[in-house]
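Residues per chain, in single letters:
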Amino acid sequence: MWRAVALTLFPEMFPGPLGESLAGKALKEGVWSLEAVDIRRFAKDRHGTVDDAPFGGGAGMVMKPDVLSAAIETVAEPGMPKVLLSPRGAPFSQARGRELAQGPGVVLVCGRFEGVDERVIEAQALEEISVGDFVLSGGEIAAMAVMDCCVRLLPGVMGEPASASEESFEDGLLEYPHYTRPASWTGADGIERRVPEVLVSGHHGKVAEWRIRQRQEITRRRRPDLWARRQAVKVNDEK
Ligand code: SAH
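Here is what the cut-offs are and how they apply
Residues numbered from 1 in each chain as written. Predicted model: local features only at pLDDT ≥ 70, side-chain atom pairs only at ≥ 80, totals over all residues. Heavy atoms only, no water. Helix = DSSP H or I, 4+ residues; strand = E, 2+ residues; numbered from the N terminus. Rg over C-alpha atoms; globule rule 2.2 N^0.38 Å. Buried < 20%, exposed > 50% of the residue type's maximum accessible area, 1.4 Å probe, protein only. Contact = heavy atoms within 4.5 Å. Lys, Arg positive; Asp, Glu negative; His and termini not counted. Charge placed at Lys NZ, Arg CZ, Asp CG, Glu CD. Near = heavy atom within 4 Å. Polar contact = N/O pair within 3.5 Å; in protein donor to acceptor, adjacent residues only side chain to side chain. Areas by Shrake-Rupley, 256 points an atom, 1.4 Å probe, with all protein chains shown as cover. Nonpolar A, V, L, I, M, F, W, Y, C, P; charged D, E, K, R; others polar. Core = buried A, V, L, I, M, F, W, Y, C linked by side-chain atoms within 4.5 Å. pLDDT = per-residue confidence, 0-100. Pairing = 2+ DSSP bridges. Domains from an automatic or database assignment.

What follows covers the overall build of the chain. When its secondary structure is counted, the chain shows eight helices and nine strands. Against the globule reference of 18 Å for 239 residues, the chain gives a C-alpha radius of gyration of 22 Å, more extended than a compact globule. Across its three principal axes, the chain shows a C-alpha extent of roughly 70 × 45 × 40 Å. Buried positions account for 39% of the 239 residues belonging to the chain. When contacts within the chain are restricted to residue pairs at least 6 apart in sequence, long-range pairs at least 24 apart make up 73% of them. Of note, the chain has its 30 positive side-chain charges centred 5 Å away from the centre of its 35 negative side-chain charges.

Right, let's talk about the site of the ligand for a bit. Every one of the 18 residues lining the ligand counts as a neighbour, but Leu-85, Glu-114, Gly-132, Phe-134 and Leu-136 are closest to it. At 3.3 Å from a nitrogen atom of the ligand is found a main-chain nitrogen or oxygen belonging to Ser-86. Leu-136 places a main-chain nitrogen or oxygen 2.9 Å from a nitrogen atom of the ligand. Taking 560 Å² as the accessible area of the ligand by itself, protein coverage stands at 83%. For the shell around the ligand, the secondary-structure elements that each account for two or more residues are β5 (82-91) and β7 (127-130). Looking at the shell around the ligand residue by residue, the class counts come to nine nonpolar, eight polar and one charged.

Take the nonpolar core next. Generally speaking, nonpolar side chains in soluble globular proteins are found buried as a group. Among the nonpolar cores identified, the biggest contains 28 residues, and Trp-2, Trp-32, Leu-85, Leu-108, Met-147 and Val-151 are the most heavily contacted of them. Sort the elements by how many residues they give to this core and helix α5 (residues 140-151) lands first, with eight residues. In this structure Leu-108 touches Val-5, Ala-6, Leu-7, Val-83, Leu-85, Ala-143, Val-146 and Met-147, once residues within four positions along its chain are discounted. Listed in part, the 22 residues of the second largest apolar core include Val-5, Val-75, Ile-121 and Leu-126.

Right, let's talk about the confidence of the model for the chain for a bit. The predicted coordinates ought not to be read in detail in places where the model reports low pLDDT. Here the chain averages 96 in pLDDT, while 97% of its residues score no lower than 70. Across the chain, element-level confidence peaks in strand β6 (residues 105-109) with a mean pLDDT of 99 and bottoms out in helix α6 (residues 162-165) with 62.

A regular strand places its side chains so that they alternate between the two faces of the sheet. Pairing of β5 with β6, which is carried by three bridges, proceeds in the parallel orientation. Paired with Val-83 across the strands is Leu-108, a residue of β6. Note that β5 and β7 share five bridges and pair parallel. Bridging across to β7, Ala-90 finds its partner in Ile-129.

This part takes up the domain arrangement of the chain. Where interface size is quoted, it is often the accessible area lost as the parts come together. Here the chain is partitioned into domain 1 (2-151) and domain 2 (167-238). If you average the C-alpha positions of domain 1 and of domain 2, the two centres end up 35 Å apart.

Let us now look at the side chain of Ser-130. With respect to the helices and strands, Ser-130 occurs in strand β7. If sequence neighbours within four positions are ignored, Ser-130 has contacts with Ser-86, Pro-87, Gly-89, Ala-90, Pro-91 and Phe-92.

This is the structure we're talking about:
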């Protein structure tokens, strides 16, 4: 069973959205397990102190290394990746999600306040992961995003295994546009929009070709960074 452990000051936030839909069903079926462990349990004093003022001054509080370290040591099994959610971290990716999903699970340390004492990151060799170039008030929502990405990649969680391989980022491209019934639809702007003809043609080869072209076009226009990386990979492959 794939094991997710969140170390948090707000364990009641979990499973939250992960208790619903695909992830929730897989959780109930025992495809994965989720433990939300309260960091405060590991406080060393009777007040349950988990944070303190920063050395050198400045705004906010810093999570104490001794408390956090005790929490990590208690929950982490050998061989389990230990992640700290952090805006300074490496950008999270589908590729990293797939690797984590293939392993035994993950320990996700959710920061609060200004963040955590640098020494615990070093001593526990925490892998810092960011979910984007913006600042959240805590690591919990970021941890849920990482868990959700991993869980839907676990065997048996998604309905059709094929749907994963065609998704955005799997091969460095964004997804093609989707359409469903009705074939002709007039929106609030009064314009009638028809489904692209090729999709109702019944010609599978042409549909596949159209979709790959759409994926390339959309990626090139919206994410020149992904497109450039993909072109570079291709050139290398051809060498
Ligand atoms: N002072 C920090 C921000 C602290 S936000 C800075 O300037 O970088 C509090 C906590 O929220 C962080 O410790 C981290 O665990 C989480 N967090 C905030 N933004 C995040 C992001 N983009 N990705 C992952 N975690 C984030």
